[in-house]
Amino acid sequence: MPKIVASGGTEQARSAFAPAELAIVRRAYAAQMLAVVGVANPAVEAAYAAVPRERFLGEPPWTIASPFGGLRTLPRPDPALLYQDVLFALDPARGVNNGSPSLHAKLLDTLAPREGARIAHIGAGTGYYTAILAELVGPSGHIVAVEFDPVLAGKTADFLADRSNVSVVVGDGAEWPQDSADGVYVNFAVARPADRWIECLAPGGRLVFPLGVIGEKRRLLGGRHSDRGAAFCVQRFPEGYGANFLGPASFVYAEGPLGAVDAKESARLRQNLEDGAPKAVRSLIWKKSAEEKNCWHVGNGWALSFDEITA
């Protein structure tokens, strides 16, 4: 008889694996997702192994972005099938998905949340990566999960109700964090970072976010996605803000005020993304003048510079 494993909804998913066997599947998946991106981080691997992905995908049937193109429903509602590096649709019409686990492993490794840290998760979706962050900061830490869409935020609150170190907020991601944060983890593309993401970083704190421009075509999961995108990490130091390029990254595009970008700035960013060379970025210039010749991108009141920060 197939075993029964809770799916996170009112229905239940049937698995050919016993709970102990499914835990082994999760451990293997965790190791594989980190290995794909060359990450060796025991804490992130343990968090991936601890959090059941099925809890955050809602009731089956589950839909993936097929590597052969388009959307495809999994052939059976077995949670074991969820532990692979594919995108699961959460809201296909808006292009919202559960994200690539291997990409997030790389980004979370860079964010490097420590035990007891205060993290703002901006664009939390249904909370899968929020739960992984909650594992990483432990019971003494705290995650504020911010989601613009009230339906998704409601699901996030339900799925994370058993985690006392998580608060779920329905709101505009540009308005958070509202207090000092050790980390800001953004899961949608923007043409510029929001002021609070930079200015609320605690000393040594890190912001990981995808920079991008709105795509001209609908992607596999519909909605607005970044046509070209790049993930960056910004870290606050006494001397200023260090910054570095993490790799290409295409996310669903920001909604609300964050999605209303300046046309000229967006055009400049598109050109810079097409020209390449973000690997040489070393610092963020914030609300200061910047010499364009020393920068990869100059926006309105900010820039990503090739110069190292100096005292």
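The next thing to look at is the packing of aromatic side chains. Under the definition given, this model contains nine aromatic pairs. Ring geometry for Phe209 against Phe232: centres 6.5 Å apart, planes inclined by 35°, an arrangement best described as tilted. Here Phe232 lies in strand S12 (residues 226–237) and Phe209 lies in strand S11 (residues 201–214), a separation of 23 residues in the sequence. Per residue, the accessibility class of Phe209 equals that of Phe232, and both read buried. Joined through ring pairs, the aromatic side chains of Phe56, Tyr128, Tyr129 and Phe159 make up one cluster.

Moving on, we come to helix H5 (residues 150–159). Each turn of an α-helix holds 3.6 residues, which means side chains three or four residues apart point in the same direction. Among all positions of H5, only Leu152, Ala153, Thr156 and Phe159 are buried. Buried residues in H5, looked at end-on, bunch into an arc of 125°, giving them a common side. In this structure, H5 carries Pro150, Val151 and Asp158 as exposed residues pointing more than 90 degrees from its buried face. In this structure, the buried residues of H5 make contact with strand S6 (96–97), strand S8 (142–147) and strand S9 (166–170). For H5, the N-terminal cap is Asp149; the gap from its side-chain oxygen to the backbone nitrogen of Val151 is 3.2 Å.

The amide bond that connects Pro60 to the next residue, Pro61, takes the cis arrangement and shows omega of 10°. The residue Pro61 is located in the loop between helix H2 (42–50) and strand S3 (63–65) in this model. Phi is positive for Ala112, which is not a glycine, with a value near 55°. Here Ala112 lies in the loop between helix H3 (101–111) and strand S7 (118–122). In this structure, Lys287 is a non-glycine residue whose phi angle is positive, near 55°. Take Lys287: it is sitting in the loop between strand S14 (283–286) and strand S15 (295–298). Among the residues examined, Lys287 registers a relative accessible area of 48% and is labelled partly exposed.

Inspection of the secondary structure assignment puts Arg163 in the loop between H5 and S9. Dropping the residues within four chain positions of it, Arg163 is found in contact with Val51, Ala131, Ala134 and Glu135.

On to helix H7 (residues 263–275). Taking 1.5 Å of rise per residue, 13 residues should cover 18 Å, and H7 covers 18 Å from first to last C-alpha, within 8% of that figure. Listed in full, the buried residues belonging to H7 are Glu265, Ser266, Leu269, Arg270, Asn272 and Leu273. Down the axis, H7 shows its buried residues gathered within 165° of arc, on one side only. Seen from the open side of H7, the exposed residues pointing more than 90 degrees away from its buried face are Ala263, Lys264 and Asp275. Measuring from the backbone nitrogen of Lys264 back to the side-chain oxygen at the start of H7 gives 3.1 Å, which picks out Asp262 as the cap. Gly276 sits one or two positions beyond H7 and adopts a positive phi of about 85°.

Let's shift gears to the pairing of strand S13 (residues 240–248). Of all nine residues that make up S13, seven are buried, and the element is covered over most of its length. Pairing between S13 and S14: two bridges, direction antiparallel. Residue Tyr241 lies in a different strand from S14, and its bridge partner there is Leu284.

This structure, assessed with the given rule, holds 14 salt bridges. Here Arg26 and Glu54 are joined by a salt bridge, their closest N and O atoms 3.8 Å apart. Of this pair, Arg26 sits in helix H1 (residues 19–36) while Glu54 sits in the loop between H2 and S3, and the two are 28 residues apart along the sequence. Taken as a pair, Arg26 and Glu54 share a single burial class, namely buried. A salt bridge links Asp91 to Arg94, with the shortest nitrogen-to-oxygen separation between them at 2.8 Å. A network of salt bridges, in which partner residues are shared, links Asp91, Arg94, Asp149 and Glu255.

About the thresholds
- Chains are numbered independently. Their residues run from 1 in the order of the written sequence.
- Restriction of local features to residues with pLDDT of at least 70 applies here, the model being predicted, together with a cutoff of 80 or more for giving and counting side-chain atom pairs; totals for whole chains, interfaces and linings are based on all residues.
- The side-chain values count all of the structure's non-hydrogen atoms but skip hydrogen atoms and water molecules.
- Between rings of Phe, Tyr and Trp, where Trp is taken as its six-membered ring, a pair exists when centres lie within 6.5 Å; planes separated by under 30 degrees are stacked, by over 60 edge-to-face, and by other angles tilted.
- Every helix listed is a DSSP run of H or I at least four residues long, and every strand listed is a run of E at least two residues long, numbered separately from the N terminus.
- The buried label applies to any residue whose accessible area, calculated with a 1.4 Å probe on protein chains only, is under 20% of its type's maximum; exposed applies above 50%, and partly exposed to all values in between.
- Directions drawn from the helix axis to the C-beta atoms are what define this arc.
- The contact definition used throughout considers only heavy atoms, calling two residues in contact when any of these lie within 4.5 Å.
- In protein, a polar contact requires one atom able to donate a hydrogen and another able to accept it; more generally it is a pair of N or O atoms within 3.5 Å, and residues adjacent in sequence count only if both atoms are side-chain atoms.
- By definition here, a helix of n residues has an expected span of 1.5 Å times n minus one.
- Pairing between two strands requires that DSSP report at least two bridges joining them.
- Salt bridges are defined as contacts in which a side-chain nitrogen from Lys or Arg sits within 4 Å of a carboxyl oxygen from Asp or Glu.

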